Each structure stands twice: as C-alpha cells, then as structure tokens.
Amino acid sequence: MQQIRKQAPAITIPDALKKRFAGHRKRAPVDVMNLPSAVLLHAVLALGMSVQAQPSDAVQPVLSAPSLPGVRPPADSSSGTDKPVKKKQDLTDTVHYEADRIDYDAEAKRLMLTGNARIDYQKITLYADTILYLIDQDLFTATGMPQLVESGDTTVGDYMVYNIKTRRGRVNHASTHLSDATFNGNRIVKSKEDELYVDAGDYTTCARIDTPHYCFYGRNIKIIPNDKIISRPVVLNIGEAPVAALPYFIFPIERKRRSGFLTPVWGGHPSGGGYLDNVGYYFAPNDYVDVTLTSRVYEFSEFVLNAASSWARKYRLNGSLSARYALDTDFMNRRNEWAINFSQDWNITPDGKTRLSGAGDLLSTKTSQYNFIQRYSEDSLELREQNLKANLSFSRQFDRINGRLNLSMDRSHNLRTDLVSDNLPILTFNLPGRPLIPHETTGGNDSLKWFHNIYWGYDARGIMKHTGSAFRSDTVDEQYHPGMSQSINCSAPQKLFKWITVSPNFSARVATFLGYKDTAVLRYDTLYDTVQYVTTDTTGKDRFGDYTFIRYEPHSHNQFPEPDSVRVFKQKPRSIPVHNEYPHDVSHVPSWKTGVSVSTNLYGLFPIHVLNFTGLRHTFSPSLTYTFTPEQKLSKEFYDAGISYERGHKRSQQVSFSVGNQFEGKVAGEAKEGEKPQERKFTIFSFDLSTGYNFEAETRKWSDLGMNASTGFKNVRLTSSAGFWLYDEMSRLSAPLMHDMSVNLSIGTLGAKGTFWGGDLVVLDSLQPDDPVRYANVGKNDWNVSLIPNFTFSMTRSAPTEMFTPTKKYGLNGSAGIQITRNWSLQWSSIYNFQANQWVQNSINMACDLECWDMRFQWRPEKLNPGYYFIIHIKKIPEIKWEQRR
C-alpha cells in the first residue's frame, strides 16, 4: 500500500446543524414535508472521474501510476507524463481532494481519505472524517459526521453511501438545509430516477432549527423532486405537541402553478350550524388560464357551487369569469339560484389601438336576486348597493386622422326598485382639436403665423336608451328613446403685446330625437304611490307618516295562534301633468353660439424680509368673456335619451367678468457653505370674484356675484364660497345681498404615535430563555391613532327678506393600532355617523407574525355584512393553512 500524507484546512460544520442533527437522534421523530430534490450526492462524485490530488508545500506526493479506472495520478515532474489511462467509465471533469492522510490500495482497488477529508467536484463539496471509494463495486462511502454542500444547500448525516453506476444512494440520520427549509430523517434512500425515500423524517421552514415552531413528521415518505411529497402517515407538530394527523397526504412542493385538489375547511356556529367549505379542484392547463371549482355545504341542506376562471396574456388580454349556484333543499322553501360575474379587457391589435372591454353581473330571478346577495354575498359594497351593472365597449384609435371611435353598451338594474336602464348602444366619434391650417415644423416657430393658431374639433354621439322593469311590472312603462347629437367647435387664441391673450370661439350643435311632447299641459292625472312593509304595530303609524293607511294583513303568528306581526299597506297621491305626445315624429334642435375672451396675468413682488420669509408675490388674473347666443324658439319637450339640447330661451349677449388673486410667499432654507440658500414657495391665500352682464335681459341685467376664497397651512385647509344678489326684492340695483354661503374645514390626518414601553414584553419576561434568532429584530412597542375630520357649514335663503337656513355636515374617519409585541399587532378602523351618533363600518384586525407562521383575524361587528375571518398559514407554504369565516 502506498501512502500520501498532506495537511488540509480544518473543516467546520455549522453548530446549528450539529445540534439539530444530534437532537434528531435523541428525540422522537419529527415531521416531514419537503425534501431536497438533490439531497444526495447526485453522483457526489459520480466518481468514475480523473482524480487530482492537490500538492502541498510541506510534502510532495510520490504516488506511482497504476492503471486505476477513472483515477488520475497526481502530477509529478519526474514522471515526464501527465496523461490519464482512459477507460469507458472515465469522466471528463476534475475531482479535487485533500485529507490529513490519503491511502490507495492498488490490489483492493480502493482510495481512502482519512482525517478532515474533503472532496470538491463541480458544485459539490463533501466534508467527512473518512471517505472511502471501492472502485470495483462503484461504491462511495463517507463516515464521521459527513457534510455535503451542494449549490448552497447543506446535508449532514451519520453515514453516506452512493453507487455511481446504479445512481442509487443512502444517508443515515440525515439533516439537510435546502433553500429556506430543513429536513431530517433516520434514513434517506435515493433511486436512479432521483426520487427519495425517507424513513421517519421531518420537515420545517422555521429558522429555529433546534426547537422549531412547527414541523411535519412522516413514517414513510416518498419525495418526487420539483413535484410532490407523499407521506404515510403525516403528523403536524406545533412545538413538540402533535396537533393534527392524517393517515395519508400529498404535499405539493412545486412553486409554480399546478392543478390539484384544494384544502377543505370546516366550521360551525350555534346559530348557523355546521358547514364544509373550499371543497374543490384547481386546474391550470398552462401559464395563461386557470380554473377553480369550489363548493360549500351548510348543514347538508344548502349547497353553493362556485366556478371561477381567469386568463391573461401580457399586453394583449386579461379577464375573469365567475359563477355561483346555490341549491336549498329545505322542504318548505326549496329553491335554486345562480349568479355570474365577468370582466374582459382585450387589445385586439398589438399596438393597443383597437380594444374590447367589458364587465357585468347576472342573476337568476327577481326573488332570488335579493335573496342570493343577502344570503350568500360577502361583499359589503354589493350588499349595500343592491345594483347590477354590465357594460361592453369597443374602441378604435385612428392615427392618420387623430380620431377615436367607441361603440358601447351598458345596463343598470336596481334590485330594490326593479328599475332597469339600458343604453343599447352608445356610438361616439371624436376628432379632438387640430389646426385648421397645419404648420410645417421645418420652418421653426419663427415661421408661425396667426392663422396657424386656428383650431377646430368635431364630436358625434348616438344612443338608444331603454327604461323599464326587468320583470314586466305593471307599474313601470317600457320606453325606448333614440337620440343623436353632432357638434363642431372652433377657437383661435392669439397673443397681443406678448402678455394679453385674445381667444375668439364658435360652436354649433344639432340634436336629433324620435318623438316629443308639447310643453303645454292638457290636464293633471292623479297616481297613487303604494308601499308595504312588515311591522308589529297594527295601527300603521310607525313608518311613512306622509302616506295614508289603507289596510293590514296578518304576516306571522305566535303559539296561541295570534298575529304577532302584520303587513301594512299605505298610499300617497301624486299629480302627473299630461301633454300631447308625438312618439314617431323626428325632430332636430340646432343651436349655436360665439364669443371672445380676453385674459392676462399681472405680477407684483414685495421684498418683505421677516426671519426666513424673503418675499411676497401677488398674481392678479383679470378675465373678460363676451358670449352671444341667438334666440331659441322651442315649444317641444323631448324624452330623456341621454342627449342634451338647448331649451327655448331668448337672445342673450352676456359679458362675464372674473378677477383672480393669489398671494404666494417665499421662505429661505439653510444655506450650505459656499452655496445660495434654497427657497421654497407656498400659497398663502387665494380670492376670486365673478359676475356678468346680459345686454338683452329686460330686468336684472347683472347676474349674481360669486366669491371663492381658500387658505391653508400644511394639512389644514379652509375654503369658502358665497353667492350674492345685486338686486333687492323690488329688482332694484343694490349692494350685494348674500343668498348662500358655505365654509369647509379639512384638517387632513390628525395623528399621534408613541411607544408604551422600550421593548418586547416577552423579552422582559425573565422566564423566557434567551433566543438570539427569535429576538434578533426586537423593536419598540409602537402605537398610533389617526383621525380625519371634515366639517362643512352652509346656509341658504330664497329671498332677501327670508331668514337663512343653516346646515352642518360632519365627517370623521378614525383608525388606531398598537404593536403589542414584535409579533402581535392590533388595528381598528371606522367611520363616525353623526346622524346615528355611532361608529359604523367598524373593522378590527389582529395579526401575529411569527418567524414561520402568519395569523390574521378580522372582525366586523356591523349590522350590514357582519362576521369574522380567521386564517393562520405557513408563510413559505401558503397552501398549508387553517381558514375560518362567517
């Protein structure tokens, strides 16, 4: 036997892994969940390779050159050759090895590394006290606390064996750190298909390796790399205590989307009974589409089926479709109901200039619409509005003419009133403002003439509006009213003396309708609005006091039996004017107006120096606008088709005056050495006045005077507006008389925050052992409180001799939070209803963020959509969770 001795650096195995490995052999087996796809040596050295010993400065290797399969003798200057003896199992890569003692037995054909042995091959590094390679048997063994490091992942065991020919291996008492997880097993066997078989293993993602917060244990485990783990059985341990067990379970370990069964949840409540939820399957055929099928069972009498699909293609397509079906098998109230929600956004062309988008909600019947949302919905907005909406839109951008075409439809159905409003369809075409005579850019701005500033634009809109009842109610008439409008506008802004802007303008419009009514009233018909409701007050005086009581009917009975609630019927008369109608006549309503505006900005600077205040700037912005509108003779009234039109009026020549004032301040900051101080501008106060004069009016030629003012500092903002008559009650010109005024004060967010104590309470507890991993990021226990108040005061009157009617409106949003410990936090948010004098829309949220677990609890103590939601899950395996909701 020939021997080589060389010095090698000391090999250090992480203390945490040593402790974890030692603890694994001493305590009961813990849990397995996910083992590395390459936990073995792959071919830790698929050792039919050329071996090259690293030379040492202290001792030069003197190994002779026997014909060792796949082994390359160390370089020797005296040998005169460095070529290996090639055989069929030779590998082309190089293996580096070192140890305190290296023995090669030529007769037995074995290589022994003893004492701080280390082998490096590609991305694999193996440390051990002893490493033995039996060449004839293609067998590699490592003993004495072997440690395998592969691509940053570490495996520690008691004994490692690997056959480089069959590509099978075994590790006894293995402890492996792979990515963010730790694996342990009494024995791990690797097959040639890279599948791993584990006896009595555990798995955790907790950073506390010695005493993890949780782990999964399995007696017999099969790991298919990048696919799944099959365990029989599986036990979930929280700390050292087993809390849940299943005889057979499959864990997905593939991080990509993949099809599979969902994890069901179950629960119950004394008032609602038991339920089973989230029973279903997730199907992901590719990277662009997925489908989720789930079901919910209440007391085995109510069944809710959910189907949802989403699809997406970057820059081209994204959408979703969801459907809900509910079946109630109750003998006295059997029914089935369904609901569908969809959304779609599609760039038909890659440039995004042709798009199709839409969204909508569909429900089954009128009765089930209300019940379905009330009974099964968990969306507060959906519960509050009780309104179904749908829309579909197609748009196209035309670059050559800089135009846009849009074809759309929309529908709104109020579930409370059963009123339906449809726009089927809406067609719009728009040509935004463009020069009447384009300017050639090659000449630059110097060649720009006044006529190059003449702009024009065109808009067209057509619509078919439908109103009625979704279920053909006798109280709602079905009406279809088409309409169309076209408009053109021109403007020509010009500069005079470089500081005055003069802008003449002209616009014309034509509105077209099918059907109209005369404005003259023939007579008034009386209709009766009827309401009905359930109450325990048989007199019918408790609600709708302005309605007249008609009758009541028994609604429910007590055990005697006697009526304990009644259904009350009331009505109220309403007068309806009647006009002559011409539903089939086409009418056109043309209108036009023209005018000119003159405006400028004047600036005044006041060098006021007080402390760091360096100046005041006043911006004075006067504006004068003249508008001429011809007389409009129109004795027709058109149906509401979503098209506006000019109603009948006299000729008007209106001059509008407005004056804007803005005061800004400037403060200087601290100046750095050799530099000028930076200046900051801010608005101190703004004040605007506006009025007008109509030359064609017979009386009251001056229009009301309007005033707007605002000021603020940082988050505090105070705004005010007011309107004034310029005539008294006898229509005589007088000093301004106020007819309305409002003041709004917004303070922004008023917040306070602080710290209750200097650190984590758990840290201050002397009974807790010191744990640097757990308390590495311990912080202060912070609290915060914020309020967003808003106040509006207004008062109005309809005549100068009347008293003002004041109105006050308050708004207040609140939130508060506390970081009880580094891991535990509590949050609250709400809105204060000043009419009911109570906080509404309360939401209380508690969260616990452990190193490996995440827990959240939300409680909504509300009349509308009350309930709670609780979830606790493993951060790095979100599929492993416990979820409860009501």
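Analysis parameters
- Residues numbered from 1 in each chain as written.
- Predicted model: local features only at pLDDT ≥ 70, side-chain atom pairs only at ≥ 80, totals over all residues.
- Heavy atoms only, no water.
- Helix = DSSP H or I, 4+ residues; strand = E, 2+ residues; numbered from the N terminus.
- Buried < 20%, exposed > 50% of the residue type's maximum accessible area, 1.4 Å probe, protein only.
- Areas by Shrake-Rupley, 256 points an atom, 1.4 Å probe, with all protein chains shown as cover.
- Pairing = 2+ DSSP bridges.
- Salt bridge = Lys/Arg side-chain N within 4 Å of Asp/Glu carboxyl O.
- Phe/Tyr/Trp six-rings, centres within 6.5 Å; stacked < 30°, edge-to-face > 60°.
- pLDDT = per-residue confidence, 0-100.
- Contact = heavy atoms within 4.5 Å.
- Polar contact = N/O pair within 3.5 Å; in protein donor to acceptor, adjacent residues only side chain to side chain.
- Patch = residues over 30% accessible without salt bridge, like charges linked within 9 Å, V, L, I, M, F, W, Y side chains within 5 Å.
- Core = buried A, V, L, I, M, F, W, Y, C linked by side-chain atoms within 4.5 Å.

1. Details of the overall build of the chain
1) Next: Looking only at helices and strands, one finds 4 helices and 52 strands in the chain.
2) Next: Here the chain holds 886 residues, and 34% of them are scored as buried.
3) Next: Only carbon and sulfur atoms are counted for the fraction: they give 56% of the accessible area of the chain, which is about 51,800 Å².

2. Side note on the pairing of strand S15 (residues 228–238)
1) Next: Relative to S15, strand S14 (residues 214–224) runs antiparallel, the two being bridged by 10 bridges. Within the sheet, the bridge partner assigned to Ile223 lies in S15 and is Ile229.
2) Next: Between the antiparallel neighbours S14 and S15 lie 3 residues, among them Asn226 with a positive phi of about 60°.
3) Next: Linking S15 back to strand S16 (residues 241–246) in an antiparallel pair, the connection comprises 2 residues, with Gly239 at a positive phi of about 65°.

3. So, the pattern of salt bridges
1) Next: Applying the stated rule across the entire model yields 16 salt bridges.
2) Next: Here Arg187 makes a salt bridge to Asp199, at a shortest N to O gap of 3.1 Å. One end of the pair, Arg187, is in strand S12 (residues 181–190); the other, Asp199, is in strand S13 (residues 196–204), and 12 residues separate them in sequence.
3) Next: The class for Arg187 is partly exposed, based on a relative accessible area of 37%.
4) Next: In this structure, Arg856 engages Asp854 in a salt bridge whose closest nitrogen and oxygen atoms are separated by 3.8 Å.
5) Next: Exposure remark for Asp854: the relative accessible area of 17% places this residue in the buried category.

4. A short note on the packing of aromatic side chains
1) Next: Counted by the stated rule, this structure contains 23 aromatic pairs.
2) Next: Plain terms: the ring middles of Phe506 and Trp592 are 6.1 Å apart, the flat faces sit at 35° to each other, and that makes the pair tilted. Here Trp592 lies in strand S36 (residues 581–599) and Phe506 lies in strand S32 (residues 500–518), a separation of 86 residues in the sequence.
3) Next: By relative accessible area, which is 35% here, Phe506 ends up partly exposed.
4) Next: For the pair Tyr693 and Trp702, a centre-to-centre distance of 4.9 Å together with 65° between the ring planes defines the contact as edge-to-face.

5. Remarks on the confidence of the model for the chain
1) Next: Residues of the chain with pLDDT of at least 70 account for 78%, and the chain-wide mean is 78.
2) Next: Note on residues 1–92: pLDDT is under 50 here. Beyond four places in sequence and across chains, it has 230 contacts.
3) Next: Low confidence marks residues 761–768, where pLDDT is under 50. Its contacts with residues over four positions away, or in another chain, come to 8 contacts.

6. Observations regarding the side chain of Thr204
1) Next: Of note, Thr204 is situated in strand S13.
2) Next: Judged by relative accessible area, which is 1%, Thr204 ranks as buried.
3) Next: Polar side-chain contacts of Thr204 include one of 3.1 Å to the backbone nitrogen of Cys206.
4) Next: Of note is the side chain of Thr204, whose polar atom sits 2.7 Å from the backbone oxygen of Tyr214.
5) Next: Not counting the four nearest positions on each side in its chain, Thr204 is found in contact with Ala181, Thr182, Pro212, Tyr214 and Cys215.

7. Some words on a nonpolar patch on the surface
1) Next: Together, Val598, Leu624, Phe657, Trp702 and Leu733 give the surface a local cluster of nonpolar side chains, amounting to about 410 Å² of exposed area.
2) Next: Within the secondary structure layout, Leu733 lies in strand S44 (residues 733–746).
3) Next: Judged by relative accessible area, Leu733 falls into the exposed class, the value being 58%.

8. Focus on unusual backbone geometry
1) Next: Of the consecutive residues Arg232 and Pro233, the connecting peptide bond is found in the cis state with omega at -10°.
2) Next: If you trace the backbone, Pro233 turns up in strand S15.
3) Next: Following Leu424, the chain continues into Pro425 via a peptide bond in cis, with omega recorded as -10°.
4) Next: Note that Pro425 resides in strand S28 (residues 419–435).
5) Next: A positive phi angle, close to 55°, is found at Met145, a residue other than glycine.
6) Next: Tracing the sequence through the fold places Met145 in the loop between strand S7 (139–143) and strand S8 (147–150).
7) Next: In this structure, Ala200 takes a positive phi of about 50° despite not being glycine.

9. Some thoughts on the environment of Gly545
1) Next: On the secondary structure map, Gly545 appears in the loop between strand S33 (523–535) and strand S34 (548–557).
2) Next: Along the sequence, Gly545 and Lys570 sit 25 residues apart, while their C-alpha atoms lie 9.5 Å from each other.

10. As for the environment of Ser395
1) Next: Tracing the backbone shows Ser395 in strand S26 (residues 387–398).
2) Next: Judged by relative accessible area, Ser395 falls into the buried class, the value being 6%.
3) Next: Put simply, Ser395 and Thr428 are 33 residues apart on the chain and 9.4 Å apart in space, counted from C-alpha to C-alpha.
4) Next: Residues in contact with Ser395, not counting those within four places in the same chain, are Lys353, Thr354, Arg355, Arg404, Leu405 and Asn406.

11. What about the nonpolar core?
The tendency in soluble globular proteins is for nonpolar side chains to be buried side by side.
1) Next: Judged by nonpolar contacts, the single largest core of 41 residues is most densely connected at Leu113, Ile131, Phe140, Tyr214 and Phe216.
2) Next: Looking at this core, the element that brings in the most residues is strand S6 (residues 124–134), giving 5 residues.
3) Next: Residues in contact with Tyr214, not counting those within four places in the same chain, are Tyr203, Thr204, Thr205, Cys206, Leu236, Asn237, Ile238, Gly239, Cys852, Trp853, Ile874 and Ile877.
4) Next: Core analysis: the next-biggest nonpolar cluster, separate from the first, contains 9 residues, Ile463, Phe513, Val589 and Ile643 among them.

12. Regarding the environment of Asn391
1) Next: With respect to the helices and strands, Asn391 occurs in strand S26.
2) Next: Classification of Asn391 as partly exposed rests on a relative accessible area of 37%.
3) Next: Each C-alpha atom, one on Asn391 and one on Ser343, is 9.2 Å from the other, the two residues being 48 residues apart in sequence.
4) Next: Here Asn391 is in contact with Ser357, Gly358, Ala359, Met409 and Asp410, once residues within four sequence places are set aside.

13. Focus on the pairing of S12
Successive side chains on a regular strand alternate, one facing one side of the sheet and the next facing the other.
1) Next: Among the 10 residues of S12, 7 are classified as buried, and the element is accordingly described as predominantly covered.
2) Next: Strand direction decides the pairing type here: S12 and S13, joined by 8 bridges, are antiparallel. Note that in S13 the partner of Arg187 across the bridge is Asp199.
3) Next: From the end of S12 to the start of S13, which pair antiparallel, there are 5 residues, and Asp194 there has a positive phi angle of about 65°.

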